[in-house]
Amino acid sequence: MKIALGCDHIVTDTKMQVSDHLKSKGHQVIDVGTYDMTRTHYPIFGKKAAEKVVNGEADLGVVLCGTGVGISVSACKVPGIRGALVRDITTAKYAKEQLNANLIGVGGRITGLHVIQAVIDTFIETKYKETPENQALIKKLSDLDHAAENQTGNEHFFDDLLAKWERGEYHD
Ligand code: RB5
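Residues numbered from 1 in each chain as written. Predicted model: local features only at pLDDT ≥ 70, side-chain atom pairs only at ≥ 80, totals over all residues. Heavy atoms only, no water.

- The name an unreviewed UniProt entry gives the protein chain is Galactose-6-phosphate isomerase subunit LacB, with Bacillus sonorensis L12 as the organism.
- The UniProt entry for the protein chain carries the following comment under Sequence similarities (unreviewed entry): "Belongs to the LacAB/RpiB family." (UniProt positions renumbered as here; feature names shortened; annotations may be inferred.)

With respect to helix H4 (residues 89-99)
So, step 1. For H4, every residue scored as buried is listed here: Ala92, Ala95, Lys96 and Glu97.
So, step 2. On the buried face of H4, the contacting elements are strand E3 (60-65), strand E4 (83-85), helix H5 (113-125) and helix H6 (132-146).
So, step 3. Just downstream of H4 lies asparagine 100, where phi reads positive at about 50°. (Buried < 20%, exposed > 50% of the residue type's maximum accessible area, 1.4 Å probe, protein only. Helix = DSSP H or I, 4+ residues; strand = E, 2+ residues; numbered from the N terminus. Contact = heavy atoms within 4.5 Å.)

Some words on the pairing of strand E2 (residues 28-33)
So, step 1. Taken together, the five bridges between strand E1 (residues 2-7) and E2 define a ladder with parallel strand orientation. Looking at E2, one finds that glycine 6 is bridged to glycine 33. (Pairing = 2+ DSSP bridges.)

Examining unusual backbone geometry
So, step 1. At the junction of glycine 33 and threonine 34, the peptide bond is cis and its omega measures out at 0° in the coordinates.
So, step 2. Mapped onto the fold, threonine 34 is located in the loop between E2 and helix H2 (42-54).
So, step 3. Despite not being glycine, asparagine 100 shows a phi value in the positive range, around 50°.
So, step 4. Residue position: asparagine 100 is located in the loop between H4 and strand E5 (103-107).
So, step 5. By relative accessible area, which is 24% here, asparagine 100 ends up partly exposed.

Remarks on the site of the ligand
So, step 1. Around the ligand, the structure places Asp8, Ile10, Tyr42, Cys65, Gly66, Thr67, Val69 and Gly70.
So, step 2. Note that an oxygen atom of the ligand is positioned 2.8 Å from one of the backbone N or O atoms of glycine 70.
So, step 3. Here the ligand, which alone exposes 290 Å², has 73% of that area covered by the protein.
So, step 4. Partitioning the shell around the ligand into residue classes produces four nonpolar, three polar and one charged. (Near = heavy atom within 4 Å. Polar contact = N/O pair within 3.5 Å; in protein donor to acceptor, adjacent residues only side chain to side chain. Areas by Shrake-Rupley, 256 points an atom, 1.4 Å probe, with all protein chains shown as cover. Nonpolar A, V, L, I, M, F, W, Y, C, P; charged D, E, K, R; others polar.)

So this is what it looks like as structure tokens:
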């Protein structure tokens, strides 16, 4: 697979280890930077990696910063990204299986390298489980991408979902 890989200056060393790991598994890495440990800003690289995924140059994206928070939030601002900050295998599996996540973020100074590698492997290898429920949830997420003007301050944006809840259409 083609993986877009981005990081900030705090974790360039970890990003390179991740890159080597991905290549050893036969993946193609599109490294969008940053490339050294000179002070920079994570939104630049979150956006770059996310755009590679959305425009189809990459199949999936992986982004890293110190905590993983800043760069994940940045990447998720790009319409079309379904991203998750992941620190464990269960979450990596859930993100792909249920929400067909196309990008994950990890904290290179929070999570150990072997766990990061296992998380990324799980994310890549897990198959999306296409069900009507998952499709409907993903559509709701995509609607948020396209409805920034409609949903900001719009108290009625989720009225249809709330009405279904009231009608007892949701069951666990
Ligand atoms: C450094 O900019 C640090 O804030 C960053 O790597 C990250 O931890 C943010 O979430």
